[in-house]
Protein chains: 2
Amino acid sequence: MLNRVRSAVAHLVSSGGAPPSRPKSPDLPNATSAPPAAPPQAPRSPPARAGSGGAAPARTVEARASFSRPTFLQLSPGGLRRADDHAGRAVQSPPDTGRRLPWSTGYAEVINAGKSRHNEDQACCEVVYVEGRRSVSGAPREPSRGQGLCFYYWGLFDGHAGGGAAEMASRLLHRHIREQLKDLVEILQDPLPPPLCLPSTPGAPGSSDSSQLVGPQSCWSSQKEVTHESLVVGAIENAFQLMDGQMARERRGQQVEGGCCALVVVYLLGKVYVANAGDSRAIIVRNGEIIPMSREFTPETERQRLQLLGFLKPELLGGEFTHLEFPRRVQPKELGQRMLYRDQNMTGWAYKKIELEDLRFPLVCGEGKKARVMATIGVTRGLGDHNLRVCSSTLPIKPFLSCFPEVRVYDLTQYEHCPDDVLVLGTDGLWDVTSDCEVAATVDRVLSAYEPNDPSRYTALAQALVLGARGTPRDRGWRLPNNKLGSGDDISVFVIPLGGPGSYS
Amino acid sequence: MLNRVRSAVAHLVSSGGAPPSRPKSPDLPNATSAPPAAPPQAPRSPPARAGSGGAAPARTVEARASFSRPTFLQLSPGGLRRADDHAGRAVQSPPDTGRRLPWSTGYAEVINAGKSRHNEDQACCEVVYVEGRRSVSGAPREPSRGQGLCFYYWGLFDGHAGGGAAEMASRLLHRHIREQLKDLVEILQDPLPPPLCLPSTPGAPGSSDSSQLVGPQSCWSSQKEVTHESLVVGAIENAFQLMDGQMARERRGQQVEGGCCALVVVYLLGKVYVANAGDSRAIIVRNGEIIPMSREFTPETERQRLQLLGFLKPELLGGEFTHLEFPRRVQPKELGQRMLYRDQNMTGWAYKKIELEDLRFPLVCGEGKKARVMATIGVTRGLGDHNLRVCSSTLPIKPFLSCFPEVRVYDLTQYEHCPDDVLVLGTDGLWDVTSDCEVAATVDRVLSAYEPNDPSRYTALAQALVLGARGTPRDRGWRLPNNKLGSGDDISVFVIPLGGPGSYS
């Protein structure tokens, strides 16, 4: 998430350190109050990660430290210090001894080159058992069912402006998903279409039949077909929202610092659900072919959504911003001239006469990695950020951010996968310097060097991807073989085999 | 546009006739006032279509009749009557004698099977000359330029609830585009990037240089690159908006009845711009390959935009509608039970407890051709509809409709086109019963029966497509060879050759 939140804000909020000596731009909106800064927290050793069978998310309110690494890395205190070393930037993977990650998943990570105090990426990989709520649909259609469900779960959480939100999400989001799925355990295992209506209390008769339909003529009398798949999608969507709500509630007492992008994979009943909120990315490499499994959500990709919101709710702009986009900042002396602009309805550009209110700061500005909402944040979906304000202002940014992921579904049963077919998840530290094709080439190169049944091949691949994005220290920087700069950001990668030695069938 | 606006509204507004004897559904929102009905207009012979060099759009305020056919059909009064005959449904094309349409464009149309009094589709095909405004950019960079520009233009307008909007759009939209392009004549012919800023008055010095940029470090200091192509897109987008605004202004005096979908093609400087607002469609068939050139805008495809608007501006729902979607209408006796729903953020479904306000009518309901906004209209983008209200209510629907098209660009110079490569435009009367593959097969079958340099082949193709969608009268209906029902809607088709005998290069 490097460079995606203005450094001044990030440093103040995350480390309590002095803001960097970056010159204040004359373009900043005028306001007087300072941004809220959380008190600095000394790093502590990570608390034990609660197992998947623990208490409901809402009750998990233990105090959290702002620095930890995934427990599956099994880091000793010394290992934790090495993982936190910006100078060495050692690549971390689960140890080759002991229990492997489910599906022989490969994982590797590396800390950033010094831009934030700790690695603000977090990761989670779990097998989660979902116990059904008793008789959810009133009269269970097959009483012998309802034996519970398992789902496999992988999550990457790229934090910004502090590590709290990413850490909390890595610890709790899968539990929110589990909670959402509890009502669906029977329904998902029943080949019949989901009931449209459930009784309010377990045991009461359901109304899943169609006898209450009105006549078939009018548009609203038809009954939409709802698939089992769309119920899982809805469960994941609502889990993201509840996770975000929990962060809002607990942000004072528990110091949920900053926010995070979330990229999550759920495997359930033959299908892979990839849910993304932010600028992490997932691709499938299948027989050399690249299948994108996510889309990035940034000020550029969501420009029209943001502008529409600013247009419909101008109070959210606080009189400081304009919802219009200009190719560059408008200068006061250009009043009355005509400048190119785009509004919330346009993808093209046109000229408009500059008026006084066009001199306000644009809601969306900048390009590529420098694109920003309200001159502050470079991603537009994710979890947390409830305290985030415009720099030197009290104006909240959260209303423009969405906690909802886009969920793509991949049916694992529709294709005979081979051991070299993989789903690759990476935070933007990987993708900023690595193209899809380069990832596919690395997949081919690394996996072909290992026996197909060697379970360590996916970890080796994850390490190769992280190393390839980090580069090696040379010429006062981390550089790639082509001498371009490597990623100075935190880099985290999961490699999930789709047809390998995993025993998920 | 058949079936896309509730019949009751359509009949009242368009023909002044009695509403059909369709039973009032108990599901209709409760309200007392009747929908506004325009006085009936007797059909008149179509007034002469003004040439493309006429007055500016804003001044074209002559009174219009609600029934006319495109002037390029050159229909005599008798021909006009035959074209208006629901029983015969004769296919209409420009006469094979006299001046052909530009690019030897093929065109065919047929009236509906009786669902509306007249053919509510309209079409336009023009070559439009754009004279540049003098010295738009202050100091022209090459004074010898600025000789004006020509663009080729095709438009299909599928009216609903009356023919006025479609007729007006077919007569004026290309002039709005011309007006928007006038400022760009010099800029588009200049190989330099467009100036970001123009002087307010012609002759004053421009500020297209980058000397006013602030430092390069901050996100808002960078200068976006704006392409010539995006200026044309912006011009088309704004032309649609101005056309819609003109309809709003003139709707009382000039009886601009109903609304219309608009599918427009502009060819300018080597590129084809396809702008679509509604449910007409355009595809390119190139060497047998199908390239979609538009997307449909319906209550289903725009569900989340509509729900978001209803959520952010609940006053637009008038206390009668809920922005939530349910798989079917919620019954009062289901209060307290849990029903599947989706909100503006969700693509999946989840269960929620039914509360009193969920008993309101859903903003978006129905599926496929029966999908509706506010139980009334089945398309969500287009021109007009300023008078459209919820049936038996005063609640306006226009705030939920967008007049902005989606514009796709196809670079004609990037591919060596052959005479069989065509761009096919059709109103939904074509596409409701014809798949893309069937269109491609008809393209192949018809064009291969003609010499490549026979200019009549594209008209023959358009006729074959219309005939194939209409079918023949059999078994009390218009039926296709497979005995399925043909389209009872108005059907209009343009076939634009991309590499044929047209002299557009």
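Up top is the structure.
Report on the accompanying structure. (Residues numbered from 1 in each chain as written. Chains lettered and ligands numbered in written order. Predicted model: local features only at pLDDT ≥ 70, side-chain atom pairs only at ≥ 80, totals over all residues. Heavy atoms only, no water.)

1. Brief notes about the environment of B:Glu334
Residues and elements named next belong to chain B.
Phase 1: With respect to the helices and strands, the residue glutamate 334 is situated in the loop between strand E9 (321–322) and strand E10 (338–341).
Phase 2: For the pair glutamate 334 and leucine 359, spaced 25 residues apart in the sequence, the C-alpha separation amounts to 9.1 Å.
Phase 3: A polar atom in the side chain of glutamate 334 sits 2.8 Å from the side chain of arginine 328. (Helix = DSSP H or I, 4+ residues; strand = E, 2+ residues; numbered from the N terminus. Polar contact = N/O pair within 3.5 Å; in protein donor to acceptor, adjacent residues only side chain to side chain.)

2. Here's the deal with the packing of aromatic side chains
Phase 1: Taken as a whole and judged by the stated rule, the model has 20 aromatic pairs over all chains.
Phase 2: Centre to centre, the rings of A:Phe151 and A:Tyr153 are 6.4 Å apart; their planes meet at 75°, and the pair counts as edge-to-face. Exposure class is identical for A:Phe151 and A:Tyr153. Each is buried.
Phase 3: Between the aromatic rings of B:Tyr152 and B:Trp154, the centroid separation amounts to 6.4 Å while the plane-to-plane angle is 20°, which identifies the pairing as stacked. Across the pair, exposure class does not vary: B:Tyr152 and B:Trp154 are buried alike.
Phase 4: Feature note: the residues A:Trp103, A:Tyr152, A:Trp154 and A:Tyr267 constitute an aromatic cluster, connected by ring pairs. (Phe/Tyr/Trp six-rings, centres within 6.5 Å; stacked < 30°, edge-to-face > 60°. Buried < 20%, exposed > 50% of the residue type's maximum accessible area, 1.4 Å probe, protein only.)

3. Concerning the sheet that holds strand E20 (residues 491–497) of chain A
Note on sheets: strands pair through backbone hydrogen bonds, and any given pair is parallel or antiparallel.
Residue and element names in this part refer to chain A.
Phase 1: Taken in spatial order, the 5 strands make up an open sheet running E1-E20-E17-E7-E8, and their pairing is antiparallel. In the strand order of this sheet, the two ends are held by strand E1 (106–110) and strand E8 (289–292), each with one partner. Strand-to-strand twist across the sheet, computed as the mean angle between neighbouring axes with direction ignored, equals 20°.
Phase 2: Looking at chain direction, E1 and E20 are connected through 5 bridges and run antiparallel. By the bridge assignment for E20, glutamate 109 is matched with serine 492.
Phase 3: Contacts from helix H8 (residues 436–447) reach strand E7 (281–286), E8 and strand E17 (422–426), with the element oriented near 50° to E7. (Pairing = 2+ DSSP bridges. Axes fitted to C-alpha atoms, helices over the stretch in contact; angles between N-to-C directions. Contact = heavy atoms within 4.5 Å.)

4. Some points on unusual backbone geometry
Phase 1: Phi at A:Ser392 takes a positive value of approximately 60°, unusual for a residue other than glycine.
Phase 2: Topologically, A:Ser392 is positioned in the loop between strand E15 (383–384) and strand E16 (406–411).
Phase 3: On the accessibility criterion, A:Ser392 (13% relative accessible area) is buried.
Phase 4: Unusually for a residue other than glycine, B:Asp385 sits at a positive phi of about 65°.
Phase 5: Position of B:Asp385 among the secondary structure elements: in the loop between strand E15 (383–384) and strand E16 (406–411).

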